[in-house]
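# Inside the fold
Next come the chains, spelled out residue by residue.
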Amino acid sequence: MQLIANIIDFFAAMIQIGTGAVKKKSKILILQIVQLLMQGVAMLLLGGITGAVNNVLSCVRNFICYKEKLNLLWKIFFIAASVVMTILLNNQGLLGIIPAAVCIVYILFMDVKDPLKFKMLVMLTFIPWLIYHFILGSYTGAASDAATIIANIVTIIKMRKEKAAQEN
């Protein structure tokens, strides 16, 4: 099961790493939906139920955000759903709380309009996922998280340089 999960996660990782070089928020959200579904399947195979559930919630959340319909009511709904589902399904102790914690932080700040700040949010929320995937045994997931963090850092540096050049 672990091998199959890591193969699925590898293909999800290719999409995930690719988002590190994408600057447009709408494209990032669409690519994340595909990646999150694939990674959710891999997490289920590895016993990461809270990670899988939070990924499915994240797909719906990203779609609503993509359609620019994300408002306070939707945010409250997704945060509540994440917390309730994590409480009901967590069989991993503190490890099982990581997906909900990351999703809550992401939900609170994902409607930021500044592309640079959004990129930083994406990068920072991958750090806890790296830990979760590694401990869960999703080594391709953990490696892709690390690569995504690096790709986002490179893109953030480029975006800052572009912004500085435009201001001058």
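One can find the structure itself at the top, above this paragraph.
The structure contained in this document is the topic of the report that follows. (Residues numbered from 1 in each chain as written. Predicted model: local features only at pLDDT ≥ 70, side-chain atom pairs only at ≥ 80, totals over all residues. Heavy atoms only, no water.)

## Some remarks on the overall build of the protein
Quick reminder of the rule: Secondary structure elements follow DSSP: runs of H or I of four or more residues count as helices, runs of E of two or more count as strands, with numbering from the N terminus. For the radius of gyration, the atoms used are the C-alpha atoms, and the globule rule reads 2.2 Å times the number of residues raised to 0.38. Contacts are assigned to residue pairs that have any heavy atoms within 4.5 Å of one another. The protein chains shown are the only cover counted for residues, whose accessible areas, like all others here, come from Shrake-Rupley with a 1.4 Å probe. In this tally Asp and Glu are treated as negative and Lys and Arg as positive; neither His nor the chain ends contributes. Throughout, a charge is located at the NZ atom of Lys, the CZ atom of Arg, the CG atom of Asp or the CD atom of Glu.
The helix and strand inventory of the protein stands at 7 helices and 0 strands. Going from N to C terminus, the protein has its helices and strands arranged as α-α-α-α-α-α-α. Radius of gyration (C-alpha) of the protein: 16 Å, near the 15 Å computed for a compact globule of 168 residues. For the protein, the proportion of contacts with a sequence separation of at least 24, taken over those separated by at least 6, is 71%. Summing over all exposed atoms, the protein offers an accessible surface of approximately 8,700 Å²; the carbon and sulfur share of this is 75%. A distance of 3 Å separates the average location of the 15 positive side-chain charges in the protein from that of its 7 negative side-chain charges.

## Points about the layout of surface pockets
Keep this limit in mind: Grid points spaced at 1 Å and placed over the protein atoms alone form the basis of the search, with a cavity being a set where a 1.4 Å probe fits but cannot get out and a pocket an open set showing protein on both sides within 12 Å along at least five of seven lines. Lining residues have an atom within 4 Å of a point. Grid points are joined across faces, edges and corners, and a volume is the space filled by probe spheres set on the points. Ten residue types, Ala, Val, Leu, Ile, Met, Phe, Trp, Tyr, Cys and Pro, are classed as nonpolar, four, Asp, Glu, Lys and Arg, as charged, and the remainder, Gly among them, as polar.
Considering only enclosed or pocket space, the largest pocket measures out at about 290 Å³ in volume. Around the largest pocket sit 16 residues that line it, and Lys-25, Leu-29, Cys-65, Glu-68 and Lys-113 are the ones nearest its centre. Contributions of two or more residues to the lining of the largest pocket are made by α2 (25-46), α3 (49-66) and α6 (115-136). Looking at the lining of the largest pocket element by element, the count peaks at 3 residues for α2. Taken together, the residues that form the lining of the largest pocket break down as 7 nonpolar, 1 polar and 8 charged.

## A word on the side chain of Lys-119
Threshold: Contacts described as polar in this section are N or O atom pairs within 3.5 Å, which, within protein, must combine one atom able to donate a hydrogen with one able to accept it, while residues neighboring in sequence count only if both atoms come from side chains.
Its location among the elements puts Lys-119 in helix α6. At 2.9 Å, the side chain of Lys-119 forms a polar contact with the backbone oxygen of Val-22.

## Let's talk about α6
Short version of the rule: By this rule, a helix spans an expected 1.5 Å times one less than how many residues it contains. Working definition for bend: take the seven residues up to and ending at a residue and the seven starting at it, fit an axis to each, and measure the angle between the axes. Only protein chains enter the accessibility calculation, which uses a 1.4 Å probe; a residue is then buried when its area is under 20% of its type maximum, exposed when over 50%, and partly exposed in between.
Look at α6: 31 Å from first C-alpha to last across 22 residues, which is about the 32 Å you get at 1.5 Å a residue. The sharpest bend along α6 comes to roughly 25 degrees, located at Ile-127, with the proline Pro-128 sitting one to four residues further on. All buried positions along α6 are accounted for by Leu-116, Phe-118, Lys-119, Leu-121, Val-122, Met-123, Thr-125, Phe-126, Trp-129, Tyr-132, His-133 and Leu-136. Looking at the buried positions of α6, the neighbouring elements they touch are α1 (2-19), α2, α3, α5 (98-109) and α7 (139-167). Sitting at the head of α6, Asp-114 places a side-chain oxygen 2.8 Å from the backbone nitrogen of Leu-116.

## Re the nonpolar core
Heads up, the rule is: In this text, buried Ala, Val, Leu, Ile, Met, Phe, Trp, Tyr and Cys residues form a nonpolar core when linked through side-chain atoms within 4.5 Å.
Judged by nonpolar contacts, the single largest core of 22 residues is most densely connected at Leu-29, Leu-70, Phe-78, Tyr-106, Met-110 and Phe-118. Every element with two or more residues in this core is listed here: α2, α3, α4 (72-89), α5, α6 and α7. Ranked by residue count, the leading element in this core is α6, at 6 residues. Filtering out sequence-adjacent residues up to four positions away, Phe-118 remains in contact with Lys-25, Ile-28, Leu-29, Tyr-106, Met-110 and Val-112.

## Digging into a nonpolar patch on the surface
What counts is decided by this rule: Each patch is built from residues lacking any salt bridge and having more than 30% relative accessible area; the joining distance is 9 Å for like charges and 5 Å for nonpolar side chains (Val, Leu, Ile, Met, Phe, Trp, Tyr). Salt-bridge detection follows one rule: a side-chain nitrogen of Lys or Arg within 4 Å of a carboxyl oxygen of Asp or Glu.
A contiguous nonpolar surface patch, about 610 Å² in accessible area, is contributed by Leu-124, Ile-127, Ile-131, Phe-134, Ile-135 and Tyr-139. If you tally residues by element for the nonpolar patch, the top one is α6, at 5 residues. Within the secondary structure, Ile-135 is located in helix α6. Residue classification places Ile-135 among the exposed positions, given a relative accessible area of 54%.

## Looking at unusual backbone geometry
Even without glycine at this site, Glu-68 takes up a positive phi of about 60 degrees. Relative to the elements of secondary structure, Glu-68 occurs in the loop between α3 and α4.

Keep in mind these values describe shape, not function.
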